[in-house]
Every structure is written in C-alpha cells, then in structure tokens.
Amino acid sequence: MFKISFMFLFIAYSLVNIAQTNLNAEIERLKQNPDVKVEYLNNDRIQVNYGDFGKRIFYVGKNSNGLTLNKDIPRFVFNVWELDTSQFAYKFSLWQEVPITKSIFNQVIGDVNNNGKLELYGAKKEFYKNWSEVYCYEQDNNGLFTQVYRYPSNTIIPKNIFDINNDNNNELHILCTHYDSVWGGNVHDQTFFTQPNDDSLATKYFFDYNIYRGGGLYIQLNDFNVGDFDKDSINEAVFYNFMPPEIWVTKFNFMQLTFDSILAFPTKTIPGLGVEEIKGFKISDFDNDNNTDILYSSVYGNIYILENKGVDSYSLNWEGTTGVYNSYLSFLTNDIDGNGKKEFWVGGQNLSENYSRLVCFEYTEDNQYIAVTEIEFTNFAALSEQLGGTIDIDNDGREEIYYSLSNGLIILKFTGTPNNPNYEINFFKLFNYNVNSSLLYQFSNSNPLLFLSIYHAQNNDTKHSTLVLKKETVSAIEEVLNNQVNFNLSNNYPNPFNSTTTIKFNISKSENIKIIVYNFLGEAISIILNQALERGEHTVTWNGKDKNNNDVPSGIYFISLETNSFHKTIKTTLLK
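Residues numbered from 1 in each chain as written. Predicted model: local features only at pLDDT ≥ 70, side-chain atom pairs only at ≥ 80, totals over all residues. Heavy atoms only, no water.

A. Here's a closer look at the packing of aromatic side chains. This structure, assessed with the given rule, holds 42 aromatic pairs. On the numbers, 5.6 Å between centres and 65° between planes, the contact of Phe281 with Tyr296 is edge-to-face. Of the two residues, Phe281 is situated in strand E22 (residues 278-284) and Tyr296 in strand E23 (residues 293-298); the sequence distance between them amounts to 15 residues. Across the pair, exposure class does not vary: Phe281 and Tyr296 are buried alike. Seen in terms of ring centroids, Trp542 and Tyr557 are 5.6 Å apart; in terms of plane orientation they differ by 70°. Their pairing is edge-to-face. (Phe/Tyr/Trp six-rings, centres within 6.5 Å; stacked < 30°, edge-to-face > 60°. Helix = DSSP H or I, 4+ residues; strand = E, 2+ residues; numbered from the N terminus. Buried < 20%, exposed > 50% of the residue type's maximum accessible area, 1.4 Å probe, protein only.)

Given below as structure tokens:
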C-alpha cells in the first residue's frame, strides 16, 4: 500500500515538473527561430517580439491572483494526445505551396475584384534575403494560386480588407514604411489601397492614417476593425494603441481622408502585474438590444464590452473573466446550440500548468452575460498566437469550432441540444511543420481550405511560405480507411516504465514504417524505427533515450506509428 501511494505522489510531483519543463522547452523552441526575440519582463511575464509583425506579452506565472474556474456550468476536458489520430489523418491533403505569408497572424484572404476567385495577400521571405514587398496571388481556373500583382516596395504586411467609405468597393489595409527625418529612421504608415474599378484589385493608393499626439509619433494600430457602429452611414474604426496603451474609437472623415478620434479608453494597470495588454475586436449585438457591442480581452483573463449609445457615444458596459491567463483569442458563434442566443467565445492559456481553455458566454438580460460552457485542452499550451473561429467543415449547415495553437489544429463539433451542450473532437492534427498560424477558410459553398503559414530555419535564417491544404471528400477518406483496416498500434508495456518499454504493432501490407517518440510540445525526440517491413505483427522497444542517445527526463511522451496509409499515437509515462 505504501508503494502505491508513493507512486501516485511521484506521478503528481512529476506532472508539476513536466509543466515547467514544457515551458522552458517552449522558450528554447522560440529562441531557435531567428525571426523571434524572447525578452524576460518582470512579474512573471515574457515578451515575444516578431519584428515588424508585432509583439505579444505572455503571463507565465502560477495562478496566484484569484483566477478560478467558472463553477456550475458544463465543462468538457480533452486530452488530444490520447486520441486515435488515424481517424483524422486523411481529412486534409496538401494542395499547393505559395511563396507568400503573413507570418504569425491570420492570412488576408478575400475576393476583392468579385470574380469568384480567392486572393491571398502576403510578403515573400527567402533564405538570406530580407522580407519583400506585399504580393497578391489569385486562384486560376484550376484553383491554384498564381502571382497577379506586386505592391510598392515600401509595403510590409497586409492587414485586412474593408469598405472604408461605404462605396461598395473594397480597400486593402497594408502596413507600409517610410523614412522620417524627425524620427531619424523608418516609421510605419497605415496605408489603404482602393479599387480603381469595380472589377479590379485594390491597387490605387487611397490614404494614410497615422496617430500623432503630444509631439510624438504613435504608429501602432493593432487589431484594426471597421464598421458602422453607430448606424449613421459613416464607418468607425476601433483599434488598440500600444503607446499609450488605449482602446481608440475613431470615425472616418470623407473630406480629409483620415479617421477622427471620438474617444480613448485607457487599459488597466493590475496591481502586482502591470499594464494589461489586450487583443480584439469582435463586433456584434451580443444582447439583442439593437446597439453595437465591441468585445476585447486581455493577458490577465479579463473581458470587456463597449456598447454604442448613439451617434459617437460609447460606454464600457460589462466586464467579466475567463478564469485563465493569456486570453487573447475571441470569436463568435451564431446560436450554435439552437437556444435563440448568439454566443461569444474567449480563449486563453495557463502556461505554468500547460493547458488552454475556451469559454462560451451568452447574454441573460441587457448588458449582462454569463459563462455557459468551458472547453479545456490539457497538455496543450504554447508561447504562440491562439487562433480560432467557426466553419461548416462537413457542409451540414451547422458551424463547427476550430482552434489552432502552434502546429496543432483542433475542430470541435456541437452534438448537444438547446441549453444542453455537448462537444466532440471532429479533427485533431499536429502538423510536421514549423507553423506560425493556421486559418480555415470556406469560400461560397466550396470545400474548406486550410492555410498554414510555415517557416524553415537554416543557419540562423528563415524561409517562409503558405501551405494550402484542401479537405478531402467523404468517398476519398473512406477509400483510404478501407485500406488500413488491419493496421494497429497496441498500448506499450510496461506503462508507466522505468528504463525500457515494448511497443507492439501490426501492419496489413509491406510498407515503410516509422515509430517516432514525441514530447509534450510535439517535438520528435527519438525515431525508434524507420524502415520497410513485411506485413504481420512486429515488436520494438524504446529505452527512454533521445535521438542523441541522451536519457530523457521523467514525464509523459507520445509514441506514434506512421505510414503512408495509417497513423496512430499512444501515450506513455516514463518514471525514474
């Protein structure tokens, strides 16, 4: 009895250490990317700098500031590492690699010229060359993206597509740069290009918008979003300004081609933690009172909603919390459970305990909201941008939720009833690429496309591109699955193990077989087997060492069987 108790105590102690080990490994992973700089701040914060692409502050401390789980609501916990991933392996296949990207943030995709073909906007980055200007690639008649336009040499990053002046033509927002003699160096411009004709791309310079206050140059416009918030037929813009840290609401000025400031909401300073960095913005009427609501959330788990009160009038009407730090992700669902209420979701990560969480909110009455569902992914956290949203992945008329983090992508399907939620994993994939961001996009009624922004590192430099993956049809997936019926990977034994564990698997045909061991971060630490085998049952062992023959620390690891037609992963625990 004493030995069993000791074993459980040891496992619990090991899991605590694993979370810290994974955080340290994640920091080291970022340091391997020459495009990224990691800076240690006070109050248990880490700042990740992406150069011209921006920065993000992560809180990595323990939960010592009162953040708690939302009680008495349905909560779904998934350990994606325990899934049989063979059922998901063939849902997407590589369609094309496009030599442009937007790095860590969502790709800019649209149909600006309304010709029924998708456009992809981004910059090029080859080994040992600087980032290029912005390019537009458009689908040809075969659905492949080809270069159709190159923007001026001072363009850096495509931001978004809007109709700024409500003329039914689209504007493309691009971050540009120019030399400023007062500043003594290059400064950024928020530049907008418009369509010269109804059927053309947005190639004509329209105007620049920059913030000048107090004799200084304030150039950071983050999460810039446009809409007619007060319904006066003139668009407003909301964004987060780094210096000073404020939420700005502005109105478009037709005569001077700029945005005039309406108001600014300073972000909070949290005692013992510092200035609260935020991310946004999601815009809708969340409580069905015919007033526009503007949602944003923060590094410390706080949620805020601004509401429009009339022409050029706004107030901060609601504050809430997710109960988890680094809550930078937000997206909307359109009554996913069928109870007549829209939902908004906010997601965050606890990096010290190695989990991520999505929290769903609904309104109860005017300007009042409550959490109604929590979804948690254990052993799934990273010092990376969380991205997510909704898509009808199976074309059944009902939206699914997708959540991406680092090189992992999860799709969740709602299988419950009104006010009785239930969610199941529809898809999980850990891509074997260095992924900056991933975006699912569905154009018209076509099958969804998955856009992966990836990079390759070499000799302290990088090359970037975008992989376009297409969703396979049901018949194509079934054909592959029918060919893999007799493949299997059994649970290893012993498990947990101390020095050596045995892995048994069965293959139905002669094929090249890989047995790979991954750590918590999805990094391949040991390739146990990589060779062609005859059909039948086979056995291999793992001695708890990495590919450099070094002993790996105690912790949880994942053993994967990978072939051209089958993929399955099992979990094992190493105790020393």
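After that view of the structure, there is still more to cover.
B. Spatial organisation of the pairing of strand E31 (residues 400-405). Counting buried residues in E31 gives six out of six residues, a clear majority hidden from the surface. Along E31, one buried face is formed by Glu400, Tyr402 and Ser404 and the opposite face, lined by Ile401, Tyr403 and Leu405, is buried too. Here six bridges tie strand E30 (residues 386-391) to E31, and the two strands are oriented antiparallel to one another. When the sheet's bridge partners are listed, Gly389 is paired in E31 with Tyr402. Both E31 and strand E32 (residues 408-414) contribute to a ladder of five bridges, which runs antiparallel. Paired with Tyr402 across the two strands is Ile411, which belongs to E32. Here E31 folds back onto E32 in antiparallel fashion, the turn holding two residues, of which Ser406 has a positive phi close to 55°. (Pairing = 2+ DSSP bridges.)

C. Expanded view of the pattern of salt bridges. Tallied over the full model, the rule gives 17 salt bridges. Measuring nitrogen to oxygen at the nearest pair gives 2.7 Å for the salt bridge that ties Asp232 to Lys251. With Asp232 in the loop between strand E16 (222-227) and strand E17 (236-241) and Lys251 in strand E18 (residues 246-253), this pair connects stretches of sequence that are 19 residues apart. Exposure remark for Asp232: the relative accessible area of 22% places this residue in the partly exposed category. (Salt bridge = Lys/Arg side-chain N within 4 Å of Asp/Glu carboxyl O.)

D. How the structure looks around the pairing of E23. Here E23 lies mainly inside the structure; six of its six residues are buried. Because side chains alternate across E23, one face comprises the buried residues Asp293, Leu295 and Ser297, and the other comprises Ile294, Tyr296 and Ser298, equally buried. Relative to E23, E22 runs antiparallel, the two sharing six bridges. The residue of E23 that forms the bridge with Ile278 is Ser298. Two strands pair when backbone bridges link them, and E23 and strand E24 (residues 302-310) are joined in this way by five bridges, in the antiparallel orientation. Bridging from a neighbouring strand, Tyr296 pairs with Tyr304 of E24.

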